[in-house]
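What follows is each chain in one-letter form.
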Amino acid sequence: MKKTILNLRVVSKEYPGSNYVLLKLTTIDDSPLPIMQPGQFAELKVENSPNTFLRRPISINFVDLEKNQVWFLIQMIGDGTRKLGDLIEGDLLNVILPLGNKFTTDLKPGSKVLLVGGGVGTAPMLYLGAVLKQNSINVSFLLGARDKEALLQLDIFAKYGDLYTTTEDGSHGEKGYVVDHSILNKEEFDFIYTCGPKPMMMAISKYADQKNIECEVSLENKMACGFGVCLCCVENTKEGHKCVCSEGPVFNLKKLLWQN
Amino acid sequence: MAKLNINIGNLEFKNPVMTASGTFGYGVEFADFIDLNRLGGFIVKGTTLHHREGNPYPRMAEVPMGMLNAVGLQNKGIDYFIDNIYPQLKGYDSNVIINVSGSTIEDYVATAEKCNELDKIPAIELNISCPNVKEGGMAFGTSCQSAEAVVSAVRKAYNKTLIVKLSPNVSDIASIAKAAEFAGADSVSLINTLLGMAVNAETQKPLLSTITGGMSGAAVKPIALRMVWQVYNAVKIPIVGLGGIMNATDAIEFLLCGATAVQLGTANFIDPQITVKVVDGINEYLDRHGYKDVNEIIGALKINN
């Protein structure tokens, strides 16, 4: 998949939750966007931020083929991401994409899959769910957050599958963590995908391992380049150090050295 | 259009722009972004005699105008390079240079001997300055005696262009450069990364698994320029300057301070097309100032006037 550097134009900006911004972007000349797959990410250039030296890796939240738009859901946690949140409609954003490998989406039609996301880790689950649904796969989302304000894009998620939620304060869905949700005991799944905080992914991985369910996790180790040359973002796997940016971010659970 | 060709030893480069080891992979990773044939040369990642897994994660910390890394020479070894990477690089019309690293003099020599057999590799860069490995690495580059010993040994085993990459983590880089020159180096490249450290005050933990790491990026340019200038005034062999070059103007500053060529490193992470932009920018500068040949500005820094 050819990687490209291009300037995209901000078409719209939304605030799906406090401290989160959703940027929808398109090409400046209406040429079609490069083909992007669920699980891939982009490196976003941050301008006018002296403390931000490197690009920011941001996962692809959604690709709207009809409108030729790519969406980035950004949690504003530092100077760089806050500066990205300052972009307004019409601004240009320099991006490198698509980067990384992808989630497995060519499952048998009718397969039953669970997509588990926590915090801003829910971002790649939207596009993944949309593509899986298109492939006639039975999608369920299990999304967790601290409180209901931090559960993002629920109305859009609901378009592509059954929706289950947990919040730590009980303000939406079941109270607690995703791994405690009752759906995990009620339903049987053929495949689990997960992205979010590491403790959450490890807990879900343990569940998948015990039930002997195929599981793919998306990692977000700290990286400098995003395309496999700096070797900073390595995850220690059964096959040695692997770059999360180029050999991931999606890894089959069986390849990881996580204690299950 | 001015003449951009430069020479390092007997080796001609079509322009003075190269890439810094460890920031450019094996070059092929950049084929989607640039035409690699437009580069004067590209220096592939640090290669050792045997496979190295490198240091544990985390290996990177961003700092204002720069970053720290603690990769620790992760690579699959020279034999893997020869069998799997070299065939992919043979066809490029650019000087492909291997950065050779090691833990012992014997390792350096053995790796250099293997490189000597590769027709399409016209030069090696001897890395005696990696701050991220426990034994060897920087230790060879921090004393004149050990630098001279390893360069002399490799010189006997390697008969093509030999560039020696120097560490800035020394009290007098010019004396190390002179030791490398005396031992038979055709060129010195400088600077490798500066030893640094980053801490998270909240968790009270270091940000790198190795606690300390090598700093690179825009912030290190003034130190690199100073060292290039000092070395330029101390040796006769050509200098390859690097450290914090982010654009063509930065590159020209290094040429003015005495570098015959430059390497772009960390800048490749932020703009993978920066190398060709710097080639174009140097050309534009030479035209604008009425120079016919890039060699006219090497060491042309105006002092006292």
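Because the structure is predicted, anything quoted here is derived from the model rather than measured.

Asks: Mind showing me how you'd approach the overall build of chain A here?
Replies: Counting its regular elements, chain A contains 5 helices and 16 strands. A compact globule built from 260 residues should have a C-alpha radius of gyration of about 18 Å, and chain A, at 18 Å, falls within 12% of that. Each of the three principal axes of chain A carries a C-alpha extent, and together these read 50 × 40 × 35 Å. Counting over 260 residues, chain A shows a buried share of 58%. Within the structure as shown, chain A displays about 11,100 Å² of accessible surface, and the carbon and sulfur contribution to it stands at 47%. For chain A, the distance from the average site of its 28 positive side-chain charges to the average site of its 30 negative ones is 3 Å.

Asks: Just checking my understanding: could you explain the pairing of strand S1 (residues 4-17) of chain A for this structure?
Replies: Two faces make up the sheet, and in a regular strand the side chains alternate between them. Residues and elements named next belong to chain A. Where S1 lies against strand S7 (residues 92-99), 6 bridges are found, and the strand directions are antiparallel. Paired with Leu-6 across the strands is Val-95, a residue of S7. Count of turn residues in the S1/strand S2 (residues 20-27) antiparallel hairpin: 2 residues, of which Asn-19 carries a positive phi of about 75°.

Asks: Would you mind going over the environment of B:Gln263 with me for this structure?
Replies: Residues and elements named next belong to chain B. As for its position among the elements, Gln-263 is in strand S16 (residues 259-264). Taking relative accessible area as the criterion, Gln-263 reaches 1% and is therefore assigned buried. Along the backbone, Gln-263 and Ser-189 are 74 residues apart, and their C-alpha atoms lie at a distance of 8.7 Å. When neighbours within four sequence positions are excluded, Gln-263 is seen to be in contact with Met-18, Thr-19, Ala-20, Ser-21, Ile-43, Glu-125, Lys-165, Ser-189, Val-240, Gly-241, Leu-242 and Ile-245. Side-chain polar atoms of Gln-263 contact the side chain of Glu-125, separated by 3.0 Å.

Asks: Help me understand the sheet that holds strand S3 (residues 41-44) of chain A in this model?
Replies: The strands that make up a sheet pair up through hydrogen bonds in the backbone, lying either parallel or antiparallel. All names here are of chain A. Spatial strand order, S4-S3-S7-S1-S2-S6-S5: 7 strands in an open sheet with antiparallel pairing. The sheet is open, and its two edges are formed by strand S4 (56-59) and strand S5 (62-64), each paired on a single side. Within this sheet the neighbouring strands show an average axis-to-axis angle of 40°, counted without direction. Bridge count between S1 and S2: 7 bridges; the pairing is antiparallel. Considered in S2, the bridge of Val-10 is made with Leu-25. Helix H2 (residues 123-134) rests against S4, S5 and strand S6 (69-75) of the sheet, and its axis sits at about 45° to S5.

Quick notes on the rules
- Residues numbered from 1 in each chain as written.
- Chains lettered and ligands numbered in written order.
- Predicted model: local features only at pLDDT ≥ 70, side-chain atom pairs only at ≥ 80, totals over all residues.
- Heavy atoms only, no water.
- Helix = DSSP H or I, 4+ residues; strand = E, 2+ residues; numbered from the N terminus.
- Rg over C-alpha atoms; globule rule 2.2 N^0.38 Å.
- Buried < 20%, exposed > 50% of the residue type's maximum accessible area, 1.4 Å probe, protein only.
- Areas by Shrake-Rupley, 256 points an atom, 1.4 Å probe, with all protein chains shown as cover.
- Lys, Arg positive; Asp, Glu negative; His and termini not counted.
- Charge placed at Lys NZ, Arg CZ, Asp CG, Glu CD.
- Pairing = 2+ DSSP bridges.
- Contact = heavy atoms within 4.5 Å.
- Polar contact = N/O pair within 3.5 Å; in protein donor to acceptor, adjacent residues only side chain to side chain.
- Axes fitted to C-alpha atoms, helices over the stretch in contact; angles between N-to-C directions.

The values reported here are purely geometric and, on their own, carry no functional implication.
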